[in-house]
Amino acid sequence: MASFKMLHPVPSYFSIYMDGLRLAAAYYVFLFHLKKLQIGTESFLKLIPDHGHDAVVLFFVLSGYVIAATVDRKKSSGWQDYLLDRAARVYSVALPTLIFSALVALVIQWAAQGGSRGLSVLGVLGSTVLNFFFLGQSWGLESWVVYNQPYWSLCYEVLYYALFGVAVFAKSYWRYIGLLIVGLMTGPKVLLLLPCWLLGVYAYRWRDRLVMSPTVAVVVGFVLPVAILVLLNKLGFGPSTRAWMDALIENRKDRLEFSADFLIDYVTATLVAINLYAARFIPFRFPNIVSAVFKGGANISFTLYLMHMPLIYLVLHFVADARHTLFWFFVCAIGVPLFCYFVSQFTELRRSSLRHWLALRLAVFNRR
């Protein structure tokens, strides 16, 4: 094993592979929600697996890996660069999403038959403000972005960014004080899935602990995780683990919400981390068209992930029972990503402009 050549921390072919994972996970979550809201024929929707939450866990592991790699690449950068990078990345999509979700809610409520008003403006405003600061899932809170349930994961991920930033950039006792403050803001429910994110961090940091040949990497990164999943399914790992946790934690699903299956999520995240660790040693040779699709798709994946749900609810409201057809499934399956592609030209693809604006504001603050 030791004779194999050590690789660049993130080889270009591996970066393309991760782009493909991001695109696939984002599009799968979107399809999963089409199924949940029954847009399409029942027989066709049955073909879509019920593993939307697992795709979010994959996102967490990928996020930890990419953030660790980015910070490592910018070793000379300080906490302000880290803050600007993360703020620009997140708010370039999060802020338009919050505004868009609120507008969709108002349109749906305004168009509701008989003047029915299920949402109050103050309620929507309160939820929007709380989620602007990514505190909607902290502790016992379950403050949803209206018509946009997938936003919950951003309330987890941004707080992981904050914890990681404090751990890496804070010095001396300020590190412990900072971790305590952010931890108290986060709460146990969100912290339960932090190990999933950290598995991505350590998959990167330990990337050369065991150097593999491409053949061994295929076995470890793809064959082994699939074999483990098949074995766990045969053993009934999921149902038995949930039954055990139900006995241990009263009202588990209500109290923990998206963290309710945290033990199962740890296994999923471990398998994803193993795949990322091993896949880096496989010299993928993607055709140019595939590389272009992966890169282009990854560039809009954040917008697709955060904005698809309010768009689905718009379709759901205006077509009602007519949605149970393949026509409306494919209208959504193609139209929603195209809409998100258009929006992404003004959101995540413009994040460098937002970063520049934030840097100017921070420079003014530092001079005071």
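Trainee: Where do I start with the overall build of the protein chain in this structure?
Mentor: Across its full length, the protein chain holds 16 helices and zero strands. Taking 2.2 N^0.38 as the reference for a compact globule, 368 residues should give roughly 21 Å; the C-alpha atoms of the protein chain span a radius of gyration of 21 Å, in line with that estimate. C-alpha extents for the protein chain along the principal axes are approximately 75 × 60 × 50 Å. For the protein chain, contacts bridging at least 24 residues in sequence account for 80% of all contacts bridging at least 6. When the accessible surface of the protein chain is split by element, carbon and sulfur atoms take 68% of a total near 19,000 Å². Placing the 32 positive and 18 negative side-chain charges of the protein chain at their respective mean positions leaves the two points 10 Å apart.

Trainee: Looking at this structure, I do not really get the nonpolar core. What am I missing?
Mentor: Within soluble globular proteins, side chains that are nonpolar tend to cluster in buried spots. Counting 99 residues, the largest nonpolar core has F14, L34, F60, Y151, L154, W197 and L276 as the members making the most contacts within it. Mapped onto this core, the elements with two or more residues apiece are α1 (12-36), α3 (52-73), α4 (79-111), α6 (152-169), α9 (194-205), α13 (262-279), α14 (288-319) and α15 (326-344). Contacts of Y151, omitting those with residues within four sequence positions, involve A94, T97, L98, N131, F132, F134, V145 and L306.

Trainee: Please clarify how the side chain of N148 should be interpreted in this entry.
Mentor: One can find N148 in the loop between α5 (121-132) and α6. Among the residues examined, N148 registers a relative accessible area of 0% and is labelled buried. Side-chain polar atoms of N148 contact the side chain of S101, separated by 3.0 Å. Excluding residues within four positions of it along the chain, N148 makes contact with T97, S101, L306, M309 and P310.

Trainee: Explanation requested: the packing of aromatic side chains in the structure shown.
Mentor: Remark: the centre distance and the inter-plane angle together describe each pair of aromatic rings, the angle taken between the planes. If you walk through the whole model with that rule in mind, you get 37 aromatic pairs. Centroid distance F59 to Y305: 5.4 Å. Interplanar angle 65 degrees. Geometry classified as edge-to-face. Within this pair, whereas F59 is found in helix α3, its partner Y305 is found in helix α14, the two being separated by 246 residues in sequence. Both residues of the pair, F59 and Y305, belong to the buried class.

Trainee: Any chance you could explain the environment of G78 here in plain terms?
Mentor: Position of G78 relative to the elements: it lies in the loop between α3 and α4. According to the relative accessible area criterion, G78 is partly exposed, its value standing at 34%.

Trainee: It is not clear to me how the layout of surface pockets should be interpreted in this structure. Could you clarify?
Mentor: In this approach a probe as big as a water molecule rolls over the atoms, and the regions it shows empty are the leftover space. Approximately 1,600 Å³ is the volume found for the largest pocket. Taken together, 48 residues line the largest pocket, and the ones lying closest to its centre are H51, H53, D54, A55 and T268. Counting residues per element, the ones that place at least two in the lining of the largest pocket are α1, α3, α10 (214-235), α11 (237-248), α12 (252-256), α13 and α14. A total of nine residues in the lining of the largest pocket trace back to one element, the largest contributor, which is α1. Residue classes in the lining of the largest pocket are distributed as 27 nonpolar, eleven polar and ten charged. Of the volumes computed, that of the second largest pocket is approximately 1,100 Å³. R22, V66, T70, R86 and R89 are the residues nearest the centre of the second largest pocket, which is lined by 39 residues in total. Residue assignment for the lining of the second largest pocket shows that the elements contributing at least two residues are α1, α3, α4, α6, α14 and α16 (351-367). Per element, the largest residue contribution to the lining of the second largest pocket is twelve residues, and it comes from α3. Class assignment of the residues belonging to the lining of the second largest pocket gives a composition of 19 nonpolar, eight polar and twelve charged.

Trainee: What's the story with the state of the cysteines in this structure? I'm lost.
Mentor: When the sulfur atoms of two cysteines share a covalent bond, that bond is a disulfide. Per the counting criterion, the structure on display carries zero disulfides. Unpaired in this structure, C332 has its nearest cysteine sulfur neighbour in C340, at a distance of 11 Å. Owing to a relative accessible area of 1%, C332 belongs among the buried residues under this scheme. Judged by relative accessible area, C340 falls into the buried class, the value being 0%.

Trainee: Can you walk me through the pattern of salt bridges in this structure?
Mentor: Pairs may arise between side chains of opposite charge once their charged atoms sit close together. Scanning the entire structure with this criterion turns up twelve salt bridges. Ionic pairing is found between D85 and K74, a salt bridge with its closest N-O pair at 2.7 Å. Of the two residues, D85 sits in helix α4 while K74 sits in the loop between α3 and α4, which places them eleven residues apart along the sequence. Of the charged contacts in the structure, one is a salt bridge between R355 and D81, with a shortest N-O distance of 3.0 Å. Linking R355 in helix α16 with D81 in helix α4, this pair joins segments that are 274 residues apart in sequence. On the accessibility criterion, R355 (22% relative accessible area) is partly exposed. A cluster of three or more residues bridged by salt bridges with shared partners is formed by K74, D81, D85 and R355.

Trainee: Even after reading the chapter, I still don't get the side chain of E348, so can you show me in this structure?
Mentor: Looking at the secondary structure, you find E348 in the loop between α15 and α16. Of the polar contacts made by the side chain of E348, one reaches the backbone nitrogen of F302; its length is 3.5 Å. Those residues in contact with E348 that lie beyond four places of it in its chain are R89, S92, V93, A298, N299, I300, S301, F302 and T303.

Rules used in this analysis
- Residues numbered from 1 in each chain as written.
- Predicted model: local features only at pLDDT ≥ 70, side-chain atom pairs only at ≥ 80, totals over all residues.
- Heavy atoms only, no water.
- Helix = DSSP H or I, 4+ residues; strand = E, 2+ residues; numbered from the N terminus.
- Rg over C-alpha atoms; globule rule 2.2 N^0.38 Å.
- Contact = heavy atoms within 4.5 Å.
- Areas by Shrake-Rupley, 256 points an atom, 1.4 Å probe, with all protein chains shown as cover.
- Lys, Arg positive; Asp, Glu negative; His and termini not counted.
- Charge placed at Lys NZ, Arg CZ, Asp CG, Glu CD.
- Core = buried A, V, L, I, M, F, W, Y, C linked by side-chain atoms within 4.5 Å.
- Buried < 20%, exposed > 50% of the residue type's maximum accessible area, 1.4 Å probe, protein only.
- Polar contact = N/O pair within 3.5 Å; in protein donor to acceptor, adjacent residues only side chain to side chain.
- Phe/Tyr/Trp six-rings, centres within 6.5 Å; stacked < 30°, edge-to-face > 60°.
- 1 Å grid on protein atoms, 1.4 Å probe; cavity = no way out; pocket = protein on both sides within 12 Å on 5 of 7 lines; lining within 4 Å.
- Points joined across faces, edges and corners; volume = space filled by probe spheres on them.
- Nonpolar A, V, L, I, M, F, W, Y, C, P; charged D, E, K, R; others polar.
- Disulfide = S-S within 2.5 Å.
- Salt bridge = Lys/Arg side-chain N within 4 Å of Asp/Glu carboxyl O.

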